[in-house]
Structure formats: structure tokens, C-alpha cells
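Close look at the chain arrangement
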Amino acid sequence: MAFLLTVAELGLSLLLIVFSGFISVVVFEAWRRRHSNISVETVTTLEDPKSFKQIPCPRISDPAEKYLSLIVPAFNEEQRLPAALEETMDYLQDRASRDKSFTFEVVIVDDGSVDGTKRVAFDFVRKYTVDNIRLIPLGKNQGKGEAIRKGMMHSRGELLLMLDADGATKVTDLEKLENQIHAVAREENSIRDPASKHVDFRIGDVQVSAFGSRAHLEEKALATRKWYRNFLMKGFHLVVLLAAGSGIRDTQCGFKMFTRAAARRLFTNIHLKRWCFDVELVFLCKRFNIPMLEISVNWSEIPGSKVSLLSIPNMLWELALMSVGYRTGMWKIHHA
């Protein structure tokens, strides 16, 4: 009995230590954000590698200039990025040739790569012009979530799609998300203004989000993965459920689309900078009552993934940080 009490006391002590650590990190983050004189948005110009001129960098608060923006975070993607970009540009240019009203941009965010990612990106900017492809270099690695946030905050589209640099999801699947967003936005707009039910409206002005999902592939994945990977993933999904609630089965798929209004509301509030920013997006969508759609997409495993089993503890840490941050009020919600 004494031994059991000792173990219980030790376990409780460890939990208290961990919880104290969470509180300390949240307090530090709040202090840093409140007292830092450095603006979070530091990107003001972009480089045109053809003319070597600096061009003004747009902001999410500006009116949309394009129909679609594709945001591609890239960290050491010298090998995988070229094929994915070629496939993406082939699709976009073909669609633009068939539909003159279709305008687009691809925003590559180099998240502090130490290989040739920046060179590869600039090669594509030169080939397709800075109006169609743009590069935002972050200088040092800040995390996938922060790279996507920066890309979203400096995009010009009415619809904004985030997609991974490996091309694991077929870019043509964006039409699935796009069509569903249009349907829901039309319904949301008619509820907001019944008189405009049959009148054209700007899709970017209505808040809607669409999450690409691999949940339909889960049964096959469970059959092929090692038992301990399945155990860890099931555990992670349970923690996600506790942290953000139900609604989206696959929060981690890197293929998500937002209207401009939704992106502006979400990405001006997001705090997490790395893997679990996706879960925070779900949490914030619920907080702001932004409709969330989960849509099955085609997905294939591409060698070279940055996610490993060692990522799980970091993801759990971020989820705990998010939960404590919002529950204690340290992380503020901006409703503007």
C-alpha cells in the first residue's frame, strides 16, 4: 500500500511540474507578445528576381486582387518542390486558359531552408513571373504553422489554399473544396442577407473553411502501419478531441482552403507555430462560428516526410499549451 501511495504521489508531482511548465511558457509568451516592439508582420516587400526590384507586399486586410492563392510552406524541399510546382502550374495555367476570369498566384514560403529550396523557388518565379509565383523567405526556421500564417497574411486571393510542398494531394482536388465552399457561402450569404439570395456576391467576403481529409483512408492505413504507430495516432486523436472538440476527423491533412474573410479572422489570431496549428484552426473556427467542411481528397505517401514519431511529444506539448493558453485567457481572441 505504501508503495502504491508513493507511486501515486510521484505521478501527481510530475503532473504538477508539467502543468507548471505549461503555465510558465504561456505567461512568457503573453509577456513577449505584449512587450515586444517588433511587429509580428515584418514582410513589407518582395523581390522580383528578374528585375531585382522590390515590390510592395500585400496584406490580408487589402481587397483581393486574385481569385485563388495557393500557399506552399517549404523547409529543405529542394528535391520534392520542383515536381509539385510543375504539376501545380500546369493545372493552374490550363484552367486559366479555359476560363479568362480565373486568376491565381502561388506563394512559396521558405521556412529557413539550408538547402537549395530558395534557389528552386526563385527559378520558378523567373519562369512564371512574380505576378504568378512569389517567394517569402523567413530567414530562419519558424515552423510550418508560422510559414503558412505568413503566406496567408500576404496573399491576394479571394480563396486561399494551403498545400504541402511534396504534392501528396493532387492539386486538382482543390476544386472539391472550392465547389463546397461556394455552395455553403451562397447559403450563408442568403441567411445574412435574404434579399441577396439570387444576387452575385464576392466569395471572399463570406467566412467558410474547408478541410481536406484522409479519414476515408484510415482503415487501410491501420492495416499497414505498425501497432505502436496506430496506438500513438489513436492517442493523439483522443487528445485532439479533448483539446478542440469534435467536427473534423483528420485535422492534420495539409490541404485546406479558406475564404479571404475566414483566413483574415483565423490567421490574425493563431498562436501555434509548428505542427498543431491545424488543431488551433479547428478550435478558432468553432469559437468564431466559421462553417467547417471536411472533404475527402486523394492522397499518396511521398518519401521525405518531416513528421516522425519524435514529433508526437512536441505535438502533445503544443496541444496542452493551446488548451492552457485559451482557458486561462493568456491567449487573447481578436474579433476585428
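Residues numbered from 1 in each chain as written. Predicted model: local features only at pLDDT ≥ 70, side-chain atom pairs only at ≥ 80, totals over all residues. Heavy atoms only, no water.

For the protein, an unreviewed UniProt entry supplies the name dolichyl-phosphate beta-glucosyltransferase and the organism Eutrema salsugineum. Per UniProt, the comment on the protein under Sequence similarities (unreviewed entry) is "Belongs to the glycosyltransferase 2 family." Checking UniProt for the protein, the heading Pathway (unreviewed entry) contains the comment "Protein modification; protein glycosylation." (UniProt positions renumbered as here; feature names shortened; annotations may be inferred.)

1. Some words on the pattern of salt bridges
The full count for this structure, using the stated rule, is 21 salt bridges. One salt bridge connects Lys170 with Glu87, and the closest N-O pair in it is separated by 3.9 Å. Placement of Lys170 in the loop between β6 (157–162) and α5 (174–192) and of Glu87 in helix α2 (residues 81–98) is noted, with a sequence separation of 83 residues between them. For Arg156, the salt bridge identified is with Glu105, shortest N-O distance 2.8 Å. Of this pair, Arg156 sits in the loop between α4 (144–153) and β6 while Glu105 sits in strand β4 (residues 104–110), placing them 51 residues apart in sequence. The two residues Arg156 and Glu105 agree in class, both being buried. (Salt bridge = Lys/Arg side-chain N within 4 Å of Asp/Glu carboxyl O. Helix = DSSP H or I, 4+ residues; strand = E, 2+ residues; numbered from the N terminus. Buried < 20%, exposed > 50% of the residue type's maximum accessible area, 1.4 Å probe, protein only.)

2. A closer look at the environment of Thr88
The topology assignment puts Thr88 in helix α2. Separated by 18 residues in sequence, Thr88 and Leu70 have C-alpha atoms that sit 9.3 Å apart. When residues no more than four places from it in sequence are discounted, the contact partners of Thr88 are Leu70, Val106, Leu163 and Val171. From its side chain, Thr88 meets the backbone oxygen of Ala84 in a polar contact 2.8 Å long. (Contact = heavy atoms within 4.5 Å. Polar contact = N/O pair within 3.5 Å; in protein donor to acceptor, adjacent residues only side chain to side chain.)

3. Thoughts on α2
With 18 residues, α2 extends 26 Å from end C-alpha to end C-alpha; this agrees with the ideal 26 Å at 1.5 Å per step. Every buried residue of α2 is listed here: Leu81, Ala84, Leu85, Thr88, Met89, Tyr91, Leu92, Arg95 and Ala96. For α2, the buried positions fall inside an angular range of 165 degrees around the axis, keeping them on one side. Exposed residues lying more than 90 degrees from the buried face of α2 are Ala83 and Arg98. Looking at the buried side of α2, the elements it contacts are β3 (66–74), β4, α3 (117–128), β5 (133–137) and α5. (Expected span 1.5 Å × (residues − 1). Arc of directions from axis to C-beta.)

4. Let's talk about the sheet that holds strand β9 (residues 292–296)
Taken together, the seven strands give an open sheet; going across it, the order is β5-β4-β3-β6-β8-β7-β9, and neighbouring strands pair in mixed fashion. The open sheet has two edge strands with one neighbour each: β5 and β9. On average, each strand axis in the sheet is tilted by 20 degrees relative to the strand beside it, whichever way the strands run. The sheet contact formed by strand β7 (residues 209–213) and β9 spans five bridges and is parallel. Bridge assignment links Gly212 to a residue of β9, and that residue is Ile295. Together, β3, β4, β5, β6 and β8 (256–259) form the strand contacts of α4, whose direction differs from that of β3 by roughly 155 degrees. (Pairing = 2+ DSSP bridges. Axes fitted to C-alpha atoms, helices over the stretch in contact; angles between N-to-C directions.)

5. Comments concerning the packing of aromatic side chains
Using the criterion set out here, one finds seven aromatic pairs in the structure. Relative to Tyr326, the ring of Phe283 lies with its centre 4.6 Å away and its plane at 25 degrees, an arrangement referred to as stacked. Residue Phe283 is found in helix α9 (residues 277–288), and its partner Tyr326 is found in helix α10 (residues 311–327); the two are separated by 43 residues along the sequence. For the pair Phe283 and Tyr326, one class covers both residues: buried. Taken together, the aromatic side chains of Tyr67, Phe102 and Phe104 make up a single cluster linked through ring pairs. (Phe/Tyr/Trp six-rings, centres within 6.5 Å; stacked < 30°, edge-to-face > 60°.)

6. Overview of unusual backbone geometry
You will see that Asn76, though not glycine, has its phi angle at about 55 degrees, which is positive. Tracing the backbone shows Asn76 in the loop between β3 and α2. By relative accessible area, which is 26% here, Asn76 ends up partly exposed. Backbone geometry places Thr129, a non-glycine residue, at a positive phi of 80 degrees. Mapping Thr129 onto the fold places it in the loop between α3 and β5.

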